[in-house]
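Architecture at a glance
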Amino acid sequence: MKKDEPPLDFPDTLEGFEYAFNEKGQLRHIKTGEPFVFNYREDLHRWNQKRYEALGEIITKYVYELLEKDCNLKKISIPEGYGVIVLNPNENYIEVEKPKIHVQSSSDSSDEPAEKRERKDKVSKETKKRRDFYEKYRNPQREKEMMQLYIRENGSPEEHAIYVWDHFIAKSAAENVFFVAHSYGGLAFVELMIQREADVKNKVTAVALTDSVHNVWHQEAGKTIREWMRENCCNWVSSSEPLDTSVESMLPDCPRVSAGTDRHELTSWKSFPSIFKFFTEASEAKTSSLKPAVTRRSHRIKHEEL
């Protein structure tokens, strides 16, 4: 902490930060009516970042409460960890064990082939290296404040995606499953396809990626996966062009169109109208046994129509 840096004792409520959501669901300052300002204190990037994270924790809790109260969703704790999943309760309710604190470096893989174990170990080491670097950059004192507790089978975003698929989505009664995957979530989805290709193709109707950072070459996605993505996925990327304008891509996977904003964090929100239209078209095409022509979307949809 710098000598002139304020203490990191932030409020634990929105009101304490002097923020509230208005009737349109927009976060605004109670007194000024202005949107959230990241650089609250000039030349204090670390303090501003911690303030941003503290407010984010409050908003996350607030959103979970809305999902449970207003949307009638159910929050289920993942076994042996702190993570949570929110899903609709249905007749396929799954009994799960009570969450426990459990430190485990790796799961029992004695029956796995040596090549698969080596690959998992390599991915685990790379994931830990990335996470350690991120945590140190975000908070240099973090490693002294607490130790990392890995959730069994959920130690990385890729593992978590596969876990959620195996334990919830694959067992659900839903006939049409849609994905919206933002940024690193796109990479996690591609990894899910690599690991569960046949199951994903059978159950997923369409996938909307928003500024995804996946790479089919580096992730070694096969030809059949790339072909499926071209027909059933679309990536709304950050761009100054109007919404749904075609954007050139060097990757042979799925069409790329503008999200209508050049800000990475706004790509999902800005492209929602087009995404829901994309999902509707895909669902109707599936019902009529036709493939959604996502590659021609940029020619059919005009920004003014949305």
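Preceding block: the structure.
Just so we're clear, the structure is a prediction, and the values are computed from it rather than from any experiment. Position labels on residues start from 1 in each chain and follow its written sequence. Given that the model is predicted, a residue must reach a pLDDT of at least 70 before its local features are reported, and side-chain atom pairs must reach 80 or more before they are shown or counted; all residues, however, enter totals for whole chains, interfaces and linings. The basis for every side-chain value is the complete set of heavy atoms in the structure, and neither hydrogens nor water enter the calculation.

**Quick look at the sheet that holds strand S6 (residues 204–210)**
Strands belonging to one sheet form pairs held by backbone hydrogen bonds; the direction of such a pair is parallel or antiparallel. Our working definition: A pair of strands is considered paired only if DSSP assigns at least 2 bridges between the two. Elements are defined by DSSP. Helices are runs of H or I of four residues or more, strands are runs of E of two residues or more, and each kind is numbered from the N terminus. As a rule, the C-alpha atoms of each element are fitted with a line to give its axis, helices using only the stretch in contact, and angles between N-to-C directions run from 0 to 180 degrees. Residues are treated as being in contact if the distance between any of their heavy atoms lies within 4.5 Å.
The strand order across the open sheet built from 4 strands is S5-S6-S7-S8, with neighbouring strands paired in parallel fashion. Across the chains shown, the open sheet's two edge strands, defined by having one partner strand only, are strand S5 (177–182) and strand S8 (256–258). Sheet twist, expressed as the average angle between the axes of neighbouring strands with direction ignored, equals 20 degrees. As paired elements, S5 and S6 share 6 bridges and run parallel to each other. The residue of S6 that forms the bridge with phenylalanine 178 is alanine 206. Running over the sheet, helix H8 (residues 267–287) touches S5, S6 and strand S7 (233–237) and is turned about 160 degrees from S6.

**What to know about the pattern of salt bridges**
What counts, and what does not: Salt bridges are defined by distance alone: a side-chain nitrogen of Lys or Arg within 4 Å of a carboxyl oxygen of Asp or Glu. Type-normalised accessible area, obtained with a 1.4 Å probe on protein chains alone, sets the label of each residue: buried when under 20%, exposed when over 50%, and partly exposed for intermediate values.
Scanning the entire structure with this criterion turns up 5 salt bridges. Between glutamate 53 and lysine 50 there is a salt bridge; the shortest N-O distance is 3.0 Å. Of this pair, glutamate 53 and lysine 50 both sit in helix H1 (residues 45–69), separated by 3 residues, roughly a single helical turn. This pair shows no difference in class: glutamate 53 is buried, exactly as lysine 50 is.

**A word on a nonpolar patch on the surface**
Worth spelling out the cut-off: Think of a patch as exposed residues, more than 30% relative accessible area, with no salt bridge, where like charges cluster within 9 Å and nonpolar side chains (Val, Leu, Ile, Met, Phe, Trp, Tyr) cluster within 5 Å. Using a 1.4 Å probe, the Shrake-Rupley method yields the accessible areas, and only the shown protein chains count as cover for residues.
A cluster of nonpolar side chains, contributed by Val180, Trp269, Phe272 and Phe276, occupies part of the molecular surface with about 430 Å² of accessible area. The biggest single contributor to the nonpolar patch is H8, with 3 residues. Among the structural elements, phenylalanine 276 can be located in helix H8. Exposure remark for phenylalanine 276: the relative accessible area of 52% places this residue in the exposed category.

**As for H8**
Heads up, the condition is: Helices are assigned an expected span. That span is 1.5 Å times one less than the residue count. Values of bend correspond, residue by residue, to the angle between axes fitted over the seven residues ending at that residue and the seven starting there.
Relative to the 30 Å expected for 21 residues at 1.5 Å per residue, H8 spans 29 Å between its end C-alpha atoms, a close match to the ideal helical length. The largest bend in H8 is about 50 degrees, located at proline 273. Looking at H8, one finds that the buried residues are Thr267, Ser268, Ser271, Ser274, Ile275, Phe278, Phe279, Ala282 and Ala285.

**A word on H1**
The end-to-end C-alpha distance of H1 is 36 Å, a good match for the 36 Å that 25 residues give at a rise of 1.5 Å each. Inspection of H1 places Trp47, Asn48, Gln49, Lys50, Arg51, Glu53, Ala54, Leu55 and Ile58 among the buried residues, and these make up the whole buried set.

**Focus on the packing of helix H4 (residues 157–169) against helix H5 (residues 184–195)**
Quick reminder of the rule: What sets the label is the angle itself: under 35 degrees gives roughly parallel, over 145 gives roughly antiparallel, 65 to 115 gives roughly perpendicular, and the rest give oblique. Take the far helix as the reference: if the near one is turned anticlockwise from it by less than a right angle, the crossing is left-handed, and if turned clockwise, right-handed. Residue type decides the class: Asp, Glu, Lys and Arg count as charged, Ala, Val, Leu, Ile, Met, Phe, Trp, Tyr, Cys and Pro as nonpolar, and the leftover types, Gly among them, as polar.
Running from N to C, H4 and H5 cross one another at 55 degrees; their axes reach a closest spacing of 8 Å. Judged by the angle between their axes, H4 and H5 are oblique. Read as a crossing pair, H4 and H5 show a hand that is right-handed. Together, Pro157, Glu158, Ala161, Ile162 and Trp165 of H4 and Tyr184, Leu187, Ala188, Glu191, Leu192 and Gln195 of H5 make up the contact between the two elements. Residues that form the contact of H4 with H5 fall into these classes: 8 nonpolar, 1 polar and 2 charged.

**A short note on unusual backbone geometry**
With phi around 60 degrees, asparagine 72 is a residue other than glycine that occupies positive phi space. Within the secondary structure, asparagine 72 sits in the loop between H1 and strand S3 (74–77). One non-glycine residue, glutamate 220, lies in the positive phi region at around 60 degrees. Of note, glutamate 220 is situated in the loop between S6 and helix H7 (223–232). Accessibility expressed as a relative area gives 65% for glutamate 220, which makes it exposed.

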